[in-house]
Amino acid sequence: MLNKSKNTTHFGYQTVDKEEKTNLVGNVFHSVASKYDLMNDIMSLGIHRIWKRLTIQYSGVKPGHYVLDLAGGTGDLTAHFSNLVGKNGLVILADINNSMLEEGRKKLRNKGILRNVRYIQANAENLPFPDKAFDCITIAFGLRNVTASNQALTSMFRVLKIGGRLIILEFSKLESALLNKIYNIYSFQVLPFLGKLIAQDSHSYRYLAESIHVHPDQETLKRIMIDVGFRETSYKNLTGGIVALHRGFKF
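Residues numbered from 1 in each chain as written. Predicted model: local features only at pLDDT ≥ 70, side-chain atom pairs only at ≥ 80, totals over all residues. Heavy atoms only, no water.

### Quick word on the overall build of the chain
And then number 1: What the chain contains, in helices and strands, is nine helices and nine strands.
And then number 2: For 251 residues, the compact-globule formula gives about 18 Å, and the C-alpha radius of gyration of the chain, at 17 Å, lands near that figure.
And then number 3: Its C-alpha atoms put the chain at 45 × 40 × 35 Å along the principal axes.
And then number 4: At a minimum sequence separation of 6, the contacts of the chain that also span at least 24 residues come to 69%.
And then number 5: When the accessible surface of the chain is split by element, carbon and sulfur atoms take 52% of a total near 11800 Å². (Helix = DSSP H or I, 4+ residues; strand = E, 2+ residues; numbered from the N terminus. Rg over C-alpha atoms; globule rule 2.2 N^0.38 Å. Contact = heavy atoms within 4.5 Å. Areas by Shrake-Rupley, 256 points an atom, 1.4 Å probe, with all protein chains shown as cover.)

If you want it as structure tokens, here you go:
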């Protein structure tokens, strides 16, 4: 289950009011934004780049497509999509957190990525776009931070074109019990230490570890997507299930 009651939800291992979670998550990402890319490389030993490359492959994005990179943060996926959609396409990098959005804008502009990218601060639960606007939506490492995940998925479904696809890249449940024990030690001891050492913030990285553990497993998320209306829904475990790549279509 995503929420413990109609009025509360998870913030890591805490149970908080839904309205409170949005502010708490916002504070986390305001705190880590400037070190986000560096921490991603260190925490995953650079493997996150492979996961994102596979996300691009699963997206099926082609020249002329309109793409929504939701919770797009510092713009890693947006940069690739910009090259794929070309001059007749459009990529919107959307994030609820202004600090993350500004980091993404700065990074992409420094790379000379300008003409076919737009930046919008938006809440995934209530997307400010017309129906059937996008050929593809991606959300990478962002769904578990959304307060009302079902509402967000419904909003994504609405703004997808018929035949469009949603790609979710998110931390998930490991396939091996032994690896899971090792991963738990890494998540709750090593990550907060690295967060304190590099980003001067251990609490935010403890929350991020906790949020992974309360996020729905692969099959549960697949069922939720189907209930929302997605079809031909599937997932692929990456790195033993540390992350999973879910895909669903709108028909």
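Now that the structure has been shown, the text picks up again.
### Some remarks on helix H2 (residues 36–44)
And then number 1: Restricting attention to buried positions, one finds in H2 the residues Tyr36, Met39, Asn40, Met43 and Ser44. Down the axis of H2, the smallest arc covering the buried residues is 105 degrees, so these residues share one side.
And then number 2: Leu45 occupies a position one or two residues after H2 and carries a positive phi of about 55 degrees. (Buried < 20%, exposed > 50% of the residue type's maximum accessible area, 1.4 Å probe, protein only. Arc of directions from axis to C-beta.)

### A look at the side chain of Ser204
And then number 1: The topology assignment puts Ser204 in helix H8 (residues 202–214).
And then number 2: Only 2.5 Å separates the side chain of Ser204 from the side chain of Asp201, close enough to count as a polar contact.
And then number 3: Beyond its immediate chain neighbours, meaning those up to four positions away, Ser204 contacts Val28, Ser31 and Val32. (Polar contact = N/O pair within 3.5 Å; in protein donor to acceptor, adjacent residues only side chain to side chain.)

### Topic: the pairing of strand S6 (residues 134–140)
And then number 1: Where burial is concerned, most of S6 is hidden: seven out of the seven residues are buried.
And then number 2: In this structure, strand S3 (residues 66–70) lies alongside S6, joined through four bridges in parallel fashion. Across the sheet, Asp69 pairs through a bridge with Thr138, a residue of S6.
And then number 3: The pairing of S6 with strand S7 (residues 160–171) spans six bridges and is parallel. (Pairing = 2+ DSSP bridges.)

### As for the packing of aromatic side chains
And then number 1: Per the counting criterion, the structure on display carries six aromatic pairs.
And then number 2: Relative to Phe141, the ring of Trp51 lies with its centre 6.1 Å away and its plane at 55 degrees, an arrangement referred to as tilted. Of this pair, Trp51 sits in helix H3 (residues 48–59) while Phe141 sits in the loop between S6 and helix H6 (149–159), and the two are 90 residues apart along the sequence.
And then number 3: Looking at Trp51, the relative accessible area reads 5%, which means it is buried.
And then number 4: By relative accessible area, Phe141 is classed as buried at 12%.
And then number 5: Between Phe249 and Phe251, the ring centres sit 5.7 Å apart and the planes meet at 5 degrees, which makes this aromatic pair stacked.
And then number 6: For Phe251, a relative accessible area of 52% corresponds to the exposed category.
And then number 7: Ring pairing ties together the aromatic residues Trp51, Phe141 and Phe171, which thus form one cluster.
And then number 8: Sitting over the face of the ring of Phe157, Lys250 holds its NZ or CZ atom 5.0 Å from the ring centroid. (Phe/Tyr/Trp six-rings, centres within 6.5 Å; stacked < 30°, edge-to-face > 60°. Lys NZ or Arg CZ within 6 Å of the ring centre and 35° of its normal.)

### Section: the environment of Asn40
And then number 1: If you trace the backbone, Asn40 turns up in helix H2.
And then number 2: According to the relative accessible area criterion, Asn40 is buried, its value standing at 13%.

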